[in-house]
Amino acid sequence: MPGYYTYLISSLPMLQFANKPAFSLNDFLKRCTELIPQQDAALIKQVVSTDAYLLDVSGPGILLKWKEFDLGLRNELVKSRAVRKKVDPAKFLRSDTHFDINITHIAQASLRQASILEAERYLDLERWKMLDQAAYGHYFDLDFLLVYALKLVILE
């Protein structure tokens, strides 16, 4: 069945937030190169090595969800930080994002954390939760592998 990667996915260890992964992102990319079609492996490599703003969203729907979430979150963080520094945020904002009040709440909550490290950990956790929601119903397909790769990036 093209597009289903049962063997590869069933051999992957489960990832848990804030735990060290069983293998590195490079090891995962190597496995993908060996076991799935080259164009899918290339897409996974592009997703983990490119800023979300530059992603081509003509591919799987997971990428569109990731791009919208990541850009929206980054824009909200820019707005919040610009207010603190009394700077105009317009020159730092990326266009092509949609507004989501939940993303605004995430950005505000991260700024209320006690330390910068806790704020970054909080943002990573929220990204992780978003990926979990986006991956719901995807168990043995390319979308699962894309989410797995993005989670490895968060863990590393």
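Anything mentioned here points back to the structure above.
Residues numbered from 1 in each chain as written. Predicted model: local features only at pLDDT ≥ 70, side-chain atom pairs only at ≥ 80, totals over all residues. Heavy atoms only, no water.

The next subject is unusual backbone geometry. Despite not being glycine, alanine 18 has its phi angle at roughly 70°, a positive value. Along the chain, alanine 18 falls in the loop between helix H1 (6-10) and helix H2 (25-35). Of the residues examined, alanine 18 reaches a relative accessible area of 58% and is grouped as exposed. (Helix = DSSP H or I, 4+ residues; strand = E, 2+ residues; numbered from the N terminus. Buried < 20%, exposed > 50% of the residue type's maximum accessible area, 1.4 Å probe, protein only.)

This paragraph deals with the packing of H2 against helix H3 (residues 38-49). In contact at an axis separation of 9 Å, H2 and H3 are set at 160° when each is read in the N-to-C sense. Taken together, the axis directions place H2 and H3 in an arrangement best described as roughly antiparallel. Considering only the axes of H2 and H3, their crossing is left-handed. Touching Leu25, Phe28, Leu29, Cys32 and Thr33 of H2 are Gln38, Ala41, Ile44, Lys45 and Val48, all from H3. Grouping the amino acids of the contact of H2 with H3 by side-chain chemistry returns seven nonpolar, two polar and one charged. (Axes fitted to C-alpha atoms, helices over the stretch in contact; angles between N-to-C directions. Parallel < 35°, antiparallel > 145°, perpendicular 65-115°, else oblique. Left-handed = near helix turned anticlockwise from the far one by under 90°. Contact = heavy atoms within 4.5 Å. Nonpolar A, V, L, I, M, F, W, Y, C, P; charged D, E, K, R; others polar.)

We describe a pair of aromatic rings using the distance from one ring centre to the other and the angle between the two ring planes. Across all of its chains, the model carries four aromatic pairs by this definition. Relative to tryptophan 128, the ring of phenylalanine 17 has its centre 5.7 Å away and its plane inclined at 65°; by these criteria the two rings are edge-to-face. With a gap of 111 residues between them, phenylalanine 17 in the loop between H1 and H2 and tryptophan 128 in helix H6 (residues 116-135) connect regions that are remote in the sequence. Ring geometry for phenylalanine 28 against tyrosine 148: centres 5.1 Å apart, planes inclined by 40°, an arrangement best described as tilted. Linking phenylalanine 28 in helix H2 with tyrosine 148 in helix H7 (residues 142-155), this pair joins segments that are 120 residues apart in sequence. By relative accessible area, which is 0% here, phenylalanine 28 ends up buried. Relative accessible area serves as the criterion here: at 5%, tyrosine 148 is assigned to the buried category. Three or more aromatic residues link up through ring pairs in this structure, and these residues are Phe23, Phe28, Phe144 and Tyr148. Here the guanidinium or amino end of arginine 31 rests over the ring plane of phenylalanine 23, the centre of that ring lying 4.4 Å away. (Phe/Tyr/Trp six-rings, centres within 6.5 Å; stacked < 30°, edge-to-face > 60°. Lys NZ or Arg CZ within 6 Å of the ring centre and 35° of its normal.)

Together, Tyr136, Tyr139 and Phe140 make up a nonpolar patch on the protein surface, roughly 400 Å² of accessible area in all. Here phenylalanine 140 lies in the loop between H6 and H7. (Patch = residues over 30% accessible without salt bridge, like charges linked within 9 Å, V, L, I, M, F, W, Y side chains within 5 Å. Areas by Shrake-Rupley, 256 points an atom, 1.4 Å probe, with all protein chains shown as cover. Salt bridge = Lys/Arg side-chain N within 4 Å of Asp/Glu carboxyl O.)

Here the focus is H3. When the terminal C-alpha atoms of H3 are compared, their 16 Å separation across 12 residues agrees well with the 16 Å that a helix rising 1.5 Å per residue should span. Three or more residues of H3 are buried, namely Asp40, Ala41, Leu43, Ile44, Val47 and Val48. For H3, the arc enclosing every buried residue in end-on projection is 155°, short of the 170-degree limit, so these residues lie on one face. Across H3 from its buried face, at more than 90 degrees, point the exposed residues Gln38, Gln39 and Ser49. Among the structural elements, H2, helix H4 (61-85) and H7 are those in contact with the buried residues of H3. (Expected span 1.5 Å × (residues − 1). Arc of directions from axis to C-beta.)

Moving on, we come to the pattern of salt bridges. This structure, assessed with the given rule, holds six salt bridges. Among the ionic pairs, aspartate 70 bridges to arginine 74, the shortest N-O distance being 2.9 Å. Of the two residues, aspartate 70 and arginine 74 are both situated in helix H4; the distance of four residues between them amounts to about one turn of the helix. Lysine 79 is the salt-bridge partner of glutamate 76, the closest N and O atoms lying 3.3 Å from each other. Of this pair, glutamate 76 and lysine 79 are both found in helix H4, three residues apart, which corresponds to roughly one turn of the helix.

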